[in-house]
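Per-entry structural report
The lines below spell out each chain.
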Amino acid sequence: MTGSKPAYFPYIDGLRAIAVAAVIAYHLKASWLPGGFAGVDVFFVISGFIVSASVGSLERMELIKFIPFFYARRLLRIGPALVVCLLLVSLVSALIIPSAWLSRTNQQTGIYAFFGLSNFVLARTNNDYFSPTTDFNPFTHTWSLGVEEQFYFIFPVLFFAWTLRGRQRRLNMVLPAAAVAVSLVFSSWLGQTDKVAAYYMIGSRFWQLGAGVLLYQSMTLAGQRFDVADQPSPNWFIWGAAASLVAFGYGLLVSDPSGFPFPGSLWVVLGTLGLLGFLHGKSRAVPLVKVLEFGPVRFVGRISYSLYLWHWPVFVFFRWTVGLDAPLFQFIAMLLVFIFSVASYRFVETPVRRLRVARHAPRLTVVAVALALIATASWATRRINAAQPRISLTTIARHAQDWYPEGANSDPAYPGCTVSLSIEKLGSGTVATYSRRNCNHVATAPRVLAIGDSHALAYTPMYKEYVLATGASVILYNNSGCSFMSLQPWREESAVCTGSTAATTADMLKRLAPGDVIFLPSLRLPRFADQWVRFPDSTVREDVFSAQAMKSRAQATEAAVEVLTEFHEKQTRVIIEGPTPIFKSPIYRCAQSYNRSNPICSGGTTISRVEMMALRKPVLDALTNLTTRVPNVHIWDPFPVLCPPGPTCDAFAKGRPLFFDGDHISGYANRVLLPSFTKSVRSPE
């Protein structure tokens, strides 16, 4: 297992420094370096090249020995710093990031990251790397580590033939070259059919890592040595390096996310390959080499792995707390990134690499111990995640029943009674039935059938309490995340929504019985704020008052009349929810002392009641029109309860939340609204 040791090539650390600086600059503020995200592609090419050089000079060995030798080195290189980072980030996340839609995949991404599989989690979310939601997951950046770790499973098989030497060495390049070609074709195809998967998955990324492997093999065949640093080469190599630098810089400056990974990353990949090849063995007399080998630049390159590990979670934690927009906070964030990265390099990466026991122990033992430590750390992280409701610093976790619209399945007021839930699939959505069990009481109110998106789900605690109190069942159609009769057609016009609406309406018509009540909650006003972004007031007003908005609302009203008429023919009653207050901040993100100064909270937790009444009026007029045109259609308006007379509507009542974010009601609001809802269901007049 011996061979000539690969020389250290400082210019490669310089390239790493540029790559990680580009990624950090992009993540700190994308407008600073629009193509900076392509720094990850630079790392992929360098990784394929360096990993090949690290084992390419080994003497011939059996595959069964080569594999544990290779994995032991890789685990010692990337495992310790990754495990420490994931553990600490998981702990901080549990303390300060509340559970919400915006953070729903965070914990799963972190767990999968221990095993190099976080890219699979991210690919399943249907939110691409450039989606705003990924900015709030402190483990998003581990997707690229997952790609590299998956590459390590492929590399020994592809590269082993190279270690055999022999006269047919050129033939040994056939397998990796074929794999690169297949990956290129696959990347091009997948980029047209599933951009999210194309960005995150190893199949469409392998060609970048494989290109580095092929470069090493080609240079070796051309007579380049990797056991000495300085080597003679033709003068035209300098021009090749200059051209490569232009391609490299062009890719980092103007890369377009829509074309990644192929062909969008082609400039960066070709530029990196050129720089690696043309600068190999060059002395510091070459100006570019001198820059790349400048001491501070090389130092950044040496700690680039730790910089990559730590910069993203630090940035994400700032987004969840004070924000990352102000120059002062950007500076503080970068200072913390540098401190954590240096500490990781100094106290984790370097000591482990120099550990005599790790270097001299049997390779299989090193692999087994490393995997055991990773599994243990993963288990510890799961325990941290499970303890979040108890250890979290957020008021959301400490008073979960007030914040989260989930509700309890029992109530001391109805001893022995519980709520039973059954769920059926219906197309791309679901049908949930809430019913009372272990009770012998006769139902004292009508059965309710509700349909809608997350705003219908937000009434879950009220449904459960209604079931416990009355004995009537509630059937909830989760309309695949689509609004139903929101009077805002743009929320319902996608192919998924139209198909889901047709399926749920047809199923509801089959189930309806005389006397049933249909409940139609929906967000019927445009949002001022989503969980991650604030929309301009002018956009909200335009979506309510513009000529196009009025025309769309009138068309939606006509379409609603047809559906409501079908419901009426089933001898049912329809209750349409009136527009509830909407706020200019996501309330749960502004509930702590450490996040109230975040720019996302600048809209405050109150809104002018006069402004809300004006926004509601066109929608209420349209709903009133429906009640006059179709019998047994009524409006249940939660607004007077959620916003009593006064100068403002407040997201809190006596210190308790009425809203979870900018427009979804809270668990506490459900309890407040239950009497009014029950009265409306029993007697809508």
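Reference entry: report on the structure contained in this document. (Residues numbered from 1 in each chain as written. Predicted model: local features only at pLDDT ≥ 70, side-chain atom pairs only at ≥ 80, totals over all residues. Heavy atoms only, no water.)

1. Description of unusual backbone geometry
Here the amide bond leading from phenylalanine 260 into proline 261 is cis, since omega sits at 5 degrees, within 30 degrees of zero. Along the chain, proline 261 falls in the loop between α10 (236-254) and α11 (266-278). Each neighbour pair has its own omega, and for phenylalanine 262 with proline 263 the value is 5 degrees, a cis peptide bond. Take proline 263: it is sitting in the loop between α10 and α11. Phi at methionine 485 takes a positive value of approximately 55 degrees, unusual for a residue other than glycine. Tracing the chain through its elements places methionine 485 in the loop between β4 (474-478) and α23 (495-511). On the basis of relative accessible area, methionine 485 is assigned to the buried category, the value being 9%. A positive phi angle, near 55 degrees, is found at lysine 654, a position not held by glycine. (Helix = DSSP H or I, 4+ residues; strand = E, 2+ residues; numbered from the N terminus. Buried < 20%, exposed > 50% of the residue type's maximum accessible area, 1.4 Å probe, protein only.)

2. Focus: the state of the cysteines
By the definition in use, this model includes 4 disulfides. The side chain of cysteine 417 participates in a disulfide bridge whose partner is cysteine 439; the two sulfur atoms lie 1.7 Å from each other. You can see cysteine 417 sitting in the loop between α20 (400-403) and β1 (418-426) and its partner cysteine 439 sitting in the loop between β2 (429-437) and β3 (448-452), a full 22 residues away along the chain. Judged on exposure class, the residue cysteine 417 and its partner cysteine 439 are both buried. Here cysteine 590 pairs with cysteine 601 through a disulfide, and the sulfurs are 2.0 Å apart. (Disulfide = S-S within 2.5 Å.)

3. Examining the environment of alanine 181
Residue placement: alanine 181 occurs in helix α7 (residues 174-193). Counting along the chain gives 25 residues from alanine 181 to phenylalanine 206, while the straight-line C-alpha distance between them is 9.6 Å.

4. So, the pattern of salt bridges
Taken as a whole, this structure holds 17 salt bridges when the rule is applied. Salt-bridge contacts for aspartate 530 lead to arginine 527; the nearest nitrogen and oxygen are separated by 3.9 Å. On the basis of relative accessibility, which here comes to 17%, the residue aspartate 530 falls in the buried class. (Salt bridge = Lys/Arg side-chain N within 4 Å of Asp/Glu carboxyl O.)

5. Some words on the pairing of strand β6 (residues 573-577)
Two faces, one strand: in a regular strand the side chains alternate between the faces of the sheet. Along β6, 5 of the 5 residues are buried, which leaves the element largely enclosed by surrounding structure. Side-chain alternation along β6 places Arg573, Ile575 and Glu577 on one buried face and Val574 and Ile576 on a second face that is also buried. Direction of pairing for strand β5 (residues 517-520) relative to β6: parallel, over a ladder of 4 bridges. Its bridge partner lying in β6, valine 517 is registered against arginine 573. Summarising the sheet, β6 and strand β8 (residues 633-636) pair through 4 bridges and their orientation is parallel. Paired with valine 574 across the bridge in β8 is valine 633. (Pairing = 2+ DSSP bridges.)

6. Here we look at the side chain of arginine 527
Counting through the fold element by element, arginine 527 comes out in the loop between β5 and α24 (537-545). Polar side-chain contacts of arginine 527 include one of 2.8 Å to the side chain of aspartate 663. When sequence neighbours within four positions are dropped, the list of residues in contact with arginine 527 reads His455, Arg491, Phe535, Val540, Asp663 and His664. (Polar contact = N/O pair within 3.5 Å; in protein donor to acceptor, adjacent residues only side chain to side chain. Contact = heavy atoms within 4.5 Å.)

7. Concerning α23
With 17 residues, α23 extends 25 Å from end C-alpha to end C-alpha; this agrees with the ideal 24 Å at 1.5 Å per step. Residues of α23 that are buried: Cys497, Ser500, Thr501, Thr504, Thr505, Asp507, Met508 and Leu509. In this structure, the buried side of α23 is in contact with β1, β2, β3, β4, β5 and α25 (547-569). (Expected span 1.5 Å × (residues − 1).)

8. Some thoughts on the nonpolar core
Counting 198 residues, the largest nonpolar core has Trp143 and Leu564 as its most contacted members. At 14 residues, the largest contribution of residues to this core is made by helix α3 (residues 63-96). Excluding anything up to four places from it in sequence, leucine 564 contacts Met485, Leu520, Val574, Ile576, Leu626, Val630 and Val633. (Core = buried A, V, L, I, M, F, W, Y, C linked by side-chain atoms within 4.5 Å.)

9. Describing the packing of helix α1 (residues 10-28) against helix α2 (residues 39-56)
Two elements in contact, α1 and α2, have axes whose closest approach is 8 Å; the angle formed by their N-to-C orientations is 155 degrees. Between α1 and α2, the crossing angle belongs to the class labelled roughly antiparallel. Here α1 and α2 pass one another in a crossing that is left-handed. Along the contact surface, α1 presents Ile12, Leu15, Arg16, Ala19, Val20 and Val23, while α2 presents Gly39, Val40, Val42, Phe43, Ile46, Phe49 and Ile50. Looking at the contact of α1 with α2 residue by residue, the classes come out as 11 nonpolar, 1 polar and 1 charged. (Axes fitted to C-alpha atoms, helices over the stretch in contact; angles between N-to-C directions. Parallel < 35°, antiparallel > 145°, perpendicular 65-115°, else oblique. Left-handed = near helix turned anticlockwise from the far one by under 90°. Nonpolar A, V, L, I, M, F, W, Y, C, P; charged D, E, K, R; others polar.)

10. Structural notes on the packing of α3 against helix α17 (residues 363-386)
When two helices pack together, their arrangement is captured by the angle between the axes and the distance separating the axes. Direction vectors running N to C along α3 and α17 enclose 15 degrees, while the axes themselves pass 9 Å from each other. The angle between the axes of α3 and α17 places the two elements in the roughly parallel class. Seen from above, α3 lies across α17 with left-handed handedness. Seen from α3, the contacting residues are Pro68, Phe69, Tyr71, Ala72, Leu75, Leu76, Val83, Leu87, Ser90, Leu91 and Ala94; seen from α17, they are Arg363, Leu364, Val366, Val367, Ala370, Leu371, Ile374, Ala377, Ala380, Thr381 and Ile384.

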